[in-house]
Amino acid sequence: MDRDGEHIIVEMQNKYQPYFKKRSIYYVARSIVEQGERGGQWRYDIKAVYLVAFLNFKLSDISKDFRTDVALMDMKHRTVFSDKVRLIFLQLPYFTKEPDDCEDIFERIIYVLKHLDALKRMPWILQDAVFKKLSEITEIALMNKDDRKKYDESLRHYRDTLIVMEGQYLEGEQKGRAEGWAEGRAEGRAEGEKKGREEGIRTTALKMKQKGLPADLIAEMTGMSIADIETLG
């Protein structure tokens, strides 16, 4: 129920239901009848009842349009008989727009609803980002002129801050990379010298072994283990 007392029934159906139209009429009728059960002073002051149904299937007995609006009408003159009842059926399979084709917030919301299955397969962090963005878009769309001006101003400051922070980050990253390269070169040089020394010792030990020197003497002179010396050859 909204602030004016009007009733809004929202239905979201993922699977086909053969009696969905009848059920929709029943829900609307029940909502009207319940208004007359609140006291003896009621004078048929019916508040409007709206039903909005999001359907992830096609109803075979209504139009093949994405949106179908139903109201009480004078059949002969094709005019509205009463504005107290309205049923709106939104058949998601007939909504074929891609994200870049959506013209307003309503169509963006419909696109997200239609692709909820794909959204569920996303990592949690991506799901959260999508719904956060959708919520943000909705809140912005409902802002009045003054609030929207304040929002745009704060958003500008926020983005400026992000740019400054990004610049500082990139500057620090470049500095860190340069320091890392210098450190890496020093470490690489030290590692190379170490490997060079080890290779030189192994070469010397091999030559001593080839000359017939005993392993224990080669070990004493080179610092290698007897086991490593025995593998040389």
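Whatever comes next refers back to the structure up there.
Residues numbered from 1 in each chain as written. Predicted model: local features only at pLDDT ≥ 70, side-chain atom pairs only at ≥ 80, totals over all residues. Heavy atoms only, no water.

Moving on, we come to the packing of aromatic side chains. The tally for this structure, following the rule as stated, stands at 6 aromatic pairs. Arranged with centres 5.5 Å apart and planes meeting at 85°, the rings of Tyr-16 and Phe-57 form a pair that is edge-to-face. Of the two residues, Tyr-16 sits in the loop between strand 1 (7-13) and helix 1 (20-35) while Phe-57 sits in the loop between strand 2 (49-55) and strand 3 (67-74), which places them 41 residues apart along the sequence. On the basis of relative accessible area, Tyr-16 is assigned to the partly exposed category, the value being 47%. (Phe/Tyr/Trp six-rings, centres within 6.5 Å; stacked < 30°, edge-to-face > 60°. Helix = DSSP H or I, 4+ residues; strand = E, 2+ residues; numbered from the N terminus. Buried < 20%, exposed > 50% of the residue type's maximum accessible area, 1.4 Å probe, protein only.)

Our next topic: unusual backbone geometry. Phi at Tyr-44 is positive, roughly 55°, even though this residue is not glycine. Counting through the fold element by element, Tyr-44 comes out in the loop between helix 1 and strand 2. For Tyr-44, a relative accessible area of 67% translates into the label exposed. A positive phi angle is found at Arg-78, which is not glycine, with a value near 55°. By secondary structure assignment, the location of Arg-78 is in the loop between strand 3 and strand 4 (79-91).

Before going further, it helps to examine the pattern of salt bridges. According to the stated counting rule, one finds 7 salt bridges in the structure shown. As a salt-bridge pair, Arg-23 and Glu-11 come within 2.6 Å of each other at their nearest N and O atoms. Of this pair, Arg-23 sits in helix 1 while Glu-11 is found in strand 1, placing the two residues 12 residues apart along the sequence. Classification of Arg-23 as partly exposed rests on a relative accessible area of 24%. When the shortest N-O distance is used, the salt bridge between Lys-21 and Asp-61 registers 3.5 Å. Of the two residues, Lys-21 is situated in helix 1 and Asp-61 in the loop between strand 2 and strand 3; the sequence distance between them amounts to 40 residues. On the accessibility criterion, Lys-21 (30% relative accessible area) is partly exposed. On the accessibility criterion, Asp-61 (47% relative accessible area) is partly exposed. Salt bridges sharing common partners tie together Arg-67, Asp-69 and Arg-86. (Salt bridge = Lys/Arg side-chain N within 4 Å of Asp/Glu carboxyl O.)

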